[in-house]
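Residue-level structure breakdown
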Amino acid sequence: MITVEHLSKRYGSHPAVDDVSFTCEPGTVTGFLGPNGAGKSTTMRMICGLTPPTSGTATVDGQPYKRMGNPGRRIGVLLDASAQHSGRTGREVLTLAALTMGIDRRRVDESLDRVGLNKTAAKRRVKAYSLGMRQRLGLAYALLGDPGILVLDEPANGLDPEGIFWMRGLLRDFADRGGTVLLSSHLLREVEAVADKLVVIGGGRIVAEGDKNELLAASGTVVRALDMGALDMVLQRVGLTGTKTTDGGVVVQADAEVIGRAAADAGLVLLELRPAGGGGLEQMFLTLTAGDSVKEAVR
Ligand SMILES: Nc1ncnc2c1ncn2[C@@H]1O[C@H](COP(=O)(O)OP(=O)(O)OP(=O)(O)O)[C@@H](O)[C@H]1O
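Bear in mind the structure is a predicted one, so any value in this text is a computation, not a measurement.

Thresholds, definitions, all that
- Residues numbered from 1 in each chain as written.
- Predicted model: local features only at pLDDT ≥ 70, side-chain atom pairs only at ≥ 80, totals over all residues.
- Near = placed C-beta within 6 Å.
- Helix = DSSP H or I, 4+ residues; strand = E, 2+ residues; numbered from the N terminus.
- Nonpolar A, V, L, I, M, F, W, Y, C, P; charged D, E, K, R; others polar.
- Expected span 1.5 Å × (residues − 1).
- Buried ≥ 20, exposed ≤ 12 C-beta atoms within 10 Å, placed from the backbone.
- Contact = placed C-beta atoms within 7 Å.
- Pairing = 2+ DSSP bridges.
- Axes fitted to C-alpha atoms, helices over the stretch in contact; angles between N-to-C directions.
- Parallel < 35°, antiparallel > 145°, perpendicular 65-115°, else oblique.
- Left-handed = near helix turned anticlockwise from the far one by under 90°.

1. What to know about the site of the ligand
Within the structure, the ligand sits among Tyr 11, Ala 16, Gly 34, Asn 36, Gly 37, Ala 38, Gly 39, Lys 40, Ser 41, Thr 42 and His 186. Element by element, the count of residues in the shell around the ligand is highest for helix α1 (residues 40-47), at 3 residues. Residue classes in the shell around the ligand are distributed as 3 nonpolar, 7 polar and 1 charged.

Right under this line is the structure:
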C-alpha cells in the first residue's frame, strides 16, 4: 500500500506539488493523471525517496522508501526509461541489479521474457534500444525483485499500440494477483482502460480522486443551446460555470435537471443535454484541468 499525506514540494516560490494526499491499495491500479507540469513526476519521486518533500509524508507499506532495506524487493520503480547505463547490454543491466538485490540470476531471463525482450535484444547495448525497448527493460528492472508494488511514470511512452495493449494486460494481471500499481500518464485512454481508481492532478493540486466508474458517472453534463451566449448568462445566474467542449457545447458540473430547468425558465432552446460520462475520461480530464474556476467547482 502507498500512502501519501499532505505532500508538498516547492521549488523557490513555485509549488510543484501542493498538499497532495491519496492512497494506492493492494489489488488495484491507480491511474495518476495530469497535463504536462502538473506534478506527477515530482510526487512519484517523493514516494521513491529521490526528491525530499518540503512538507508531508509518503510511505510504502507504512515505511518511508528511504528506510526500507532492499527496497527493490518490495517496490518496483520505473521513473525514467533512459536512466539505465547506455553502454551496458540489457542482460548486464538486469544481472547487476540482481546481484545488488541478492536475487537468483535466473530471474533475469524470466524478467526479460516477461517484458518481451528476446535473446538478441538482451545482448544489445542499451544505447541501441528504441524508447519502447527501454521502457520494457525498465519494467523488467522494476519486476526483477518480485515486488508487490509498482510505481511507473509514463511507462507507455514510446510503446506502439500493441505494446500498450500488452502492458495494460501485464499491469492488470499484476493487480489481480494482489499487487498495487501507481501508473502516471497523460494518455487518458490508456489509463481509462486499465485503472480502477483515478487521481487527477492539475497545477500541483488534486482536482479529482476516486473510483474510476464513479468519477466518470459524475463527470458533469454536456449542454448545447441554440444561443450559447444566452446559455452562458443563464448558467452564471444560477452560479454554474461551463467548460467548452471541442464540438461547440459546454460541460457543466451539475445535474441535467438543474440545467434543464434553468434553461426552460429563461425560455432557452437546448439542442443537447446529456451526462458527460459517455464522452469518457477525456472530457472529464479536459474539464478538470481547464481552469481554476472549474477546479474549485469540483473540489
Ligand atoms: N528540479 C526542479 N527544479 C525546478 N522546478 C521543477 C523541478 N522539477 C520539476 N519542477 C517543476 O515542477 C512542476 C511539476 O513538474 P513535474 O515534472 O512533476 O510534472 P509532471 O506532471 O510530471 O509533468 P510531465 O508530464 O511534463 O513530466 C513543473 O512546473 C516543473 O517545471
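2. Thoughts on helix α5 (residues 131-143)
Taking 1.5 Å as the rise per residue, α5 with 13 residues should run 18 Å; its terminal C-alpha atoms sit 18 Å apart, in good agreement. Counting buried residues in α5 gives 11 out of 13 residues, a clear majority hidden from the surface. Every buried residue belonging to α5 is among Met 133, Arg 134, Gln 135, Arg 136, Leu 137, Gly 138, Leu 139, Ala 140, Tyr 141, Ala 142 and Leu 143, and all of these are buried. Residues of α5 that are buried in the fold lie against β5 (75-78), α2 (90-101), α3 (106-114), α4 (119-123) and β6 (149-153).

3. Comments concerning the sheet that holds strand β4 (residues 55-60)
Strand order in the open sheet made by the 3 strands is β2-β1-β4, with antiparallel pairing throughout. The strands lining the two open edges of the sheet, one partner per strand, are β2 (14-24) and β4. When strand polarity is set aside, the average angle formed by the axes of neighbouring strands in this sheet is 20°. Bridge count for strand β1 (residues 2-11) against β2 is 7 bridges, and the pairing is antiparallel. Residue pairing in the sheet places Leu 7 in a bridge with Val 20 of β2. On top of the sheet, α1 reaches β1, β2 and β4; it is set at about 120° to β1, its chief contact.

4. Regarding the pairing of strand β8 (residues 197-202)
β8 sits mainly inside the fold: 6 of its 6 residues count as buried. Burial of the side chains of β8 extends over both faces: Lys 197, Val 199 and Ile 201 are buried on one face and Leu 198, Val 200 and Gly 202 on the other. Strand direction decides the pairing type here: strand β3 (residues 28-33) and β8, joined by 4 bridges, are parallel. Bridge pairing in β8 places Gly 31 opposite Leu 198. Two elements, β8 and strand β9 (residues 205-211), share 6 bridges in a ladder whose sense is antiparallel. Bridge pairing links Leu 198 to Gly 210 in β9. Taking the residues between adjacent antiparallel strands as the criterion, β8 and β9 are bridged by 2 residues, where Gly 203 takes a positive phi near 60°.

5. Some points on the environment of Val 191
Checked against the element boundaries, Val 191 lands in helix α7 (residues 188-194). According to the C-beta neighbour criterion, Val 191 is buried, with 24 such atoms within 10 Å. It is 8.2 Å that separates the C-alpha atoms of Val 191 and Phe 32, two residues lying 159 residues apart in sequence.

6. Considering the sheet that holds β5
Read from one edge of the open sheet, 6 strands run β5-β6-β7-β3-β8-β9, paired in mixed fashion. Each of the sheet's edge strands pairs with one partner strand only, and the pair in question is β5 and β9. For this sheet the average axis-to-axis angle between neighbouring strands, irrespective of direction, equals 10°. Pairing analysis gives 6 bridges linking β3 to strand β7 (residues 180-185), with the strands arranged parallel. Bridge pairing in β7 links Thr 28 to Thr 180. The strands touched by α5 within the sheet are β5 and β6, with β5 carrying the most contacts at an inclination of about 160°.

7. Regarding the packing of α2 against α3
In the contact formed by α2 and α3, the axes pass within 9 Å of each other and the chain directions differ by 130°. When the interaxial angle is binned, α2 and α3 end up oblique. Both α2 and α3 take part in a crossing whose hand is right-handed. From α2, Gly 90, Arg 91, Leu 94, Thr 95 and Ala 98 reach across to α3, where they touch Arg 107, Val 108, Ser 111 and Leu 112.

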